[in-house]
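Structural overview for review
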Amino acid sequence: MEKTEKNILSISDLSIGYDSKTVAERINFDLETGMLCGVVGINGIGKSTLLRTLGGFQPKLDGNIRLKGQSLEKYTSSDLSKELSVVLTEQPASKNLTVQELIALGRQPYTNWLGTLTKEDKQQIQTSLKAFLLSELRNNKCHELSDGQLQRVLVARAMAQDTSLILLDEPTTHLDLYHKVQIFKMLQALAHDKQKTILFTTHEIELAIQLCDRILILDGKGNPFGDPCQLIEQKHFDRLFPSEMVQFDAKTGSFKISK
Ligand SMILES: Nc1ncnc2c1ncn2[C@@H]1O[C@H](COP(=O)(O)OP(=O)(O)OP(=O)(O)O)[C@@H](O)[C@H]1O
């Protein structure tokens, strides 16, 4: 009983894909409040498809997705926008807005039809600007930003939306190592300090191993899920890529090119 209450997201026997094409099946995992979870796997295995399915952008093929104990399909779009925010890889259409204006869009689920911001809305926007080191850039147009800065703005908008679950598709693409680590650490702080449940897809397996509480490996078979150390012990990362090309070193938690 206690386990169910703590679970924000419960996925059982989920199959995802398009019309008659199943991309991945037998996906099972639970995420509790305050957990940071990375979804990894080779190109084309279905990471983005999973994220879009969990975000309600495309229907599941089979199985169950429960958000805070209720089937995802039962949520109205207005209720869902208060529980779930999604950051996709596509560039936002609204790049002509300032940083502060784009982050303010995160408050839309709570504002009246005129979009009037209350004191609480404004406070949330300021907190998000601060958490993602954007206060000084607040009046800059989004099209003037670097990829790393824009990525921080998109995550800050999700934070301003103040949902229990945040989904992100490859939030560190195009970023250098420093800025990848910066985003990962900010996501970790958002999960641990603000008790948000965060699930993101990534190719940064080594960083995910170091910073995530849980990892889901989409592998086209059992789709193992667990604590990174546990997955290392069970040798799941060893099987991710063909060993004649890359090998996983369990001691350092990193991949080495096979000589
Ligand atoms: N709109 C679509 N209609 C049909 N098939 C699609 C569609 N979008 C993606 N696919 C297919 O679904 C499979 C999974 O794609 P997806 O983008 O989810 O993989 P991914 O793991 O995110 O890949 P990557 O790491 O390269 O971003 C691929 O075979 C892809 O060709």
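Located above this text is the structure these notes cover.
Summary of the structure given here. (Residues numbered from 1 in each chain as written. Predicted model: local features only at pLDDT ≥ 70, side-chain atom pairs only at ≥ 80, totals over all residues.)

1. Things to note about the overall build of the protein
Along its length, the protein carries 9 helices and 12 strands. The C-alpha extent of the protein, read off along each of the three principal axes, is 55 × 40 × 35 Å. Here the protein, with 259 residues, has 36% of them falling under the buried criterion. Within the protein, counting contacts between residues at least 6 apart in sequence, those at least 24 apart form 66% of the total. (Helix = DSSP H or I, 4+ residues; strand = E, 2+ residues; numbered from the N terminus. Buried ≥ 20, exposed ≤ 12 C-beta atoms within 10 Å, placed from the backbone. Contact = placed C-beta atoms within 7 Å.)

2. A closer look at the nonpolar core
If you look at the biggest cluster of nonpolar residues, it comprises 62 residues, and the most contacted ones within it are Cys 37, Ile 103, Val 155, Ala 156, Leu 167, Leu 187 and Ile 198. At 7 residues, helix H6 (residues 147–161) tops the list of elements feeding residues into this core. Excluding residues that lie within four positions of it along the chain, Val 155 makes contacts with Val 87, Phe 132, Leu 168, Pro 171, Ile 183, Met 186 and Leu 187. (Core = buried A, V, L, I, M, F, W, Y, C linked by C-beta atoms within 7 Å.)

3. Focus on the packing of helix H5 (residues 119–131) against H6
Two elements in contact, H5 and H6, have axes whose closest approach is 9 Å; the angle formed by their N-to-C orientations is 145°. Considering only the axes of H5 and H6, their crossing is right-handed. Here Gln 124, Ile 125, Ser 128, Leu 129 and Ala 131 of H5 lie close against H6, whose contacting residues are Ala 156, Met 159 and Ala 160. (Axes fitted to C-alpha atoms, helices over the stretch in contact; angles between N-to-C directions. Left-handed = near helix turned anticlockwise from the far one by under 90°.)

4. Here we look at the site of the ligand
Inspection of the region around the ligand gives Tyr 18, Lys 21, Val 23, Gly 41, Asn 43, Gly 44, Ile 45, Gly 46, Lys 47, Ser 48 and Thr 49 as its neighbouring residues. Elements represented by at least two residues in the shell around the ligand include exactly strand S2 (21–32) and helix H2 (47–54). Per element, the largest residue contribution to the shell around the ligand is 3 residues, and it comes from H2. Each residue belonging to the shell around the ligand can be placed in one class, and the counts come to 3 nonpolar, 6 polar and 2 charged. (Near = placed C-beta within 6 Å. Nonpolar A, V, L, I, M, F, W, Y, C, P; charged D, E, K, R; others polar.)

5. Considerations on H5
In an α-helix, one turn spans 3.6 residues; hence positions three or four apart end up facing the same way. Look at H5: 18 Å from first C-alpha to last across 13 residues, which is about the 18 Å you get at 1.5 Å a residue. Contacts made by the buried residues of H5 are with helix H4 (99–104) and H6. Looking one or two residues beyond H5, the residue adopting positive phi is Leu 133, at roughly 50°. (Expected span 1.5 Å × (residues − 1).)

6. Quick notes on unusual backbone geometry
One non-glycine residue with positive phi stands out, namely Asp 13, at about 45°. Along the chain, Asp 13 turns up in strand S1 (residues 7–18).

7. Description of the pairing of strand S9 (residues 214–217)
Of the two faces of S9, the one carrying Arg 214 and Leu 216 and the one carrying Ile 215 and Ile 217 are both buried. Where strand S3 (residues 36–40) meets S9, 4 bridges bridge the pair, whose relative direction is parallel. Residue pairing across strands places Val 40 opposite Ile 217, the latter belonging to S9. As paired elements, S9 and strand S10 (residues 225–226) share 2 bridges and run antiparallel to each other. Within S10, the residue paired with Ile 215 across the bridge is Gly 226. (Pairing = 2+ DSSP bridges.)

8. So, the sheet that holds strand S4 (residues 62–67)
Working definition: the strands of a sheet are paired by backbone hydrogen bonds and lie parallel or antiparallel to each other. Strand order in the open sheet made by the 4 strands is S2-S1-S4-S5, with antiparallel pairing throughout. Of all strands in the sheet, those with a lone pairing partner are S2 and strand S5 (70–71), marking the two edges. When S1 meets S2, the two strands line up antiparallel, connected through 8 bridges. Along S2, the bridge assignment pairs Ile 16 with Ala 24. Of the strands in this sheet, S1, S2 and S4 touch H2, which is tilted by about 120° from S1.

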